[in-house]
Amino acid sequence: NNGEEDYYYKRIRENVKFVLVGCKESFRNCFCVSMNSNKTDDYAIGMNIRDNEVYLDIKDEELNVFDGEATDFEVDYVKENLISIEIPQITDAKEVAQSDIWDEYNARCIACGRCNFVCPTCSCFTMQDIYYKENENVGERRRVWASCQVDGYTDMAGGHSFRQKNSEKMRFKTMHKIHDFNKRFGYHMCVGCGRCDDACPQYISFSSCIEKVNDLVSSKEEA
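Computed from a predicted structure; not experimentally measured.

1. Observations regarding the pattern of salt bridges
Next, step 1: Per the counting criterion, the structure on display carries 13 salt bridges.
Next, step 2: Its salt-bridge partner being Glu14, residue Lys10 comes within 4.0 Å of it at the nearest N-O pair.
Next, step 3: Classification of Lys10 by relative accessible area gives partly exposed; the value is 33%.
Next, step 4: We classify Glu14 as exposed; its relative accessible area is 56%.
Next, step 5: Its salt-bridge partner being Arg142, residue Glu140 comes within 3.2 Å of it at the nearest N-O pair.
Next, step 6: Glu140 sits in the partly exposed class, given a relative accessible area of 31%.

2. Quick word on the sheet that holds strand S3 (residues 53–58)
Next, step 1: Taken together, the 3 strands give an open sheet; going across it, the order is S1-S2-S3, and neighbouring strands pair in mixed fashion. Of all the strands in the sheet, just strand S1 (19–21) and S3 have a single pairing partner and so form its edges. Across the sheet, the axes of successive neighbouring strands diverge by a mean angle of 25°, strand direction being ignored.
Next, step 2: Where S1 meets strand S2 (residues 45–50), 3 bridges bridge the pair, whose relative direction is parallel. Following the sheet pairing, Val21 is matched in S2 by Met47.

3. Quick notes on helix H7 (residues 206–222)
Next, step 1: If you check H7, its first and last C-alpha atoms are 24 Å apart, about what 17 residues at 1.5 Å a residue would give, namely 24 Å.
Next, step 2: Those residues of H7 that are buried are in contact with helix H2 (93–97), helix H3 (105–108), helix H5 (166–185) and helix H6 (195–199).

4. Points about the pairing of S2
Strand residues, when the strand is regular, have side chains that alternate between the two faces of the sheet.
Next, step 1: Bridging between S2 and S3 involves 6 bridges; their strand directions are antiparallel. Bridge pairing links Ile45 to Ile58 in S3.
Next, step 2: Where S2 folds back onto S3 in an antiparallel hairpin, the turn is made up of 2 residues, including Asp51, whose phi is positive at roughly 55°.

5. So, the confidence of the model for the chain
Next, step 1: Across the chain, pLDDT averages 92, with 98% of residues at or above 70.
Next, step 2: When mean pLDDT is compared element by element in the chain, H6 scores highest at 96, while strand S4 (residues 125–131) scores lowest at 89.

6. A word on a nonpolar patch on the surface
Next, step 1: A surface patch of nonpolar side chains, amounting to about 360 Å² of accessible area, comprises Val19, Val21, Ile49 and Val54.
Next, step 2: Here Ile49 lies in strand S2.
Next, step 3: Ile49 gets classed as exposed once you look at its relative accessible area, which sits at 53%.

7. Some remarks on the environment of Leu216
Next, step 1: By the element assignment, Leu216 lies in helix H7.
Next, step 2: Assessed through its relative accessible area of 15%, Leu216 is described here as buried.
Next, step 3: With 117 residues separating them along the chain, Leu216 and Ser99 place their C-alpha atoms 8.5 Å apart.
Next, step 4: Among all residues touching Leu216, those that are not within four sequence positions of it are Val96, Ser99 and Ile101.

Parameters and conventions
Residues numbered from 1 in each chain as written. Predicted model: local features only at pLDDT ≥ 70, side-chain atom pairs only at ≥ 80, totals over all residues. Heavy atoms only, no water. Salt bridge = Lys/Arg side-chain N within 4 Å of Asp/Glu carboxyl O. Buried < 20%, exposed > 50% of the residue type's maximum accessible area, 1.4 Å probe, protein only. Pairing = 2+ DSSP bridges. Helix = DSSP H or I, 4+ residues; strand = E, 2+ residues; numbered from the N terminus. Axes fitted to C-alpha atoms, helices over the stretch in contact; angles between N-to-C directions. Expected span 1.5 Å × (residues − 1). Contact = heavy atoms within 4.5 Å. pLDDT = per-residue confidence, 0-100. Patch = residues over 30% accessible without salt bridge, like charges linked within 9 Å, V, L, I, M, F, W, Y side chains within 5 Å. Areas by Shrake-Rupley, 256 points an atom, 1.4 Å probe, with all protein chains shown as cover.

And the structure:
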């Protein structure tokens, strides 16, 4: 997101309506409360499923097509996670970026990109030109998923490539999720869903990574 309107995204987004399913208890890797993303009123329909009954909070009248009895209820939301973290207040991003706390990911991370693939806020893409065998003069240009964690993402013309080490890739993702994006737009990109932890074949915990950054920043402030 560069702060500019994306025509292709907007065209799809205008035809999408979101149904929120209430969540009463935290999953094992969630830290949504810490990220202030555990509750929202921005939905077309809010839903609670309890026993054999479904409770609906319908805000979009176009979807008000269900028969039922009127009742007062609150859509369930998580009030406490099993994991609680403190988001670091980074004042010197260069110092954090140059720290050796990232070095362990050279051995642990295998740059598979699964964390990006399951992330609800990762939106990076690249362009791919498709040529048709029937007519070489006709084809299409497609947006295809891309990941800052995989090899080749930062390749440039002339053979140069940024962030070749896995530690550098992990640093870039982490800083973008909890610092860079917030600095530009006023809120954190990470929502604390923990899906990246669930998907990682190396059992890398993103919440632990954030805690390491916070420990680093806190130690610098106390020094």
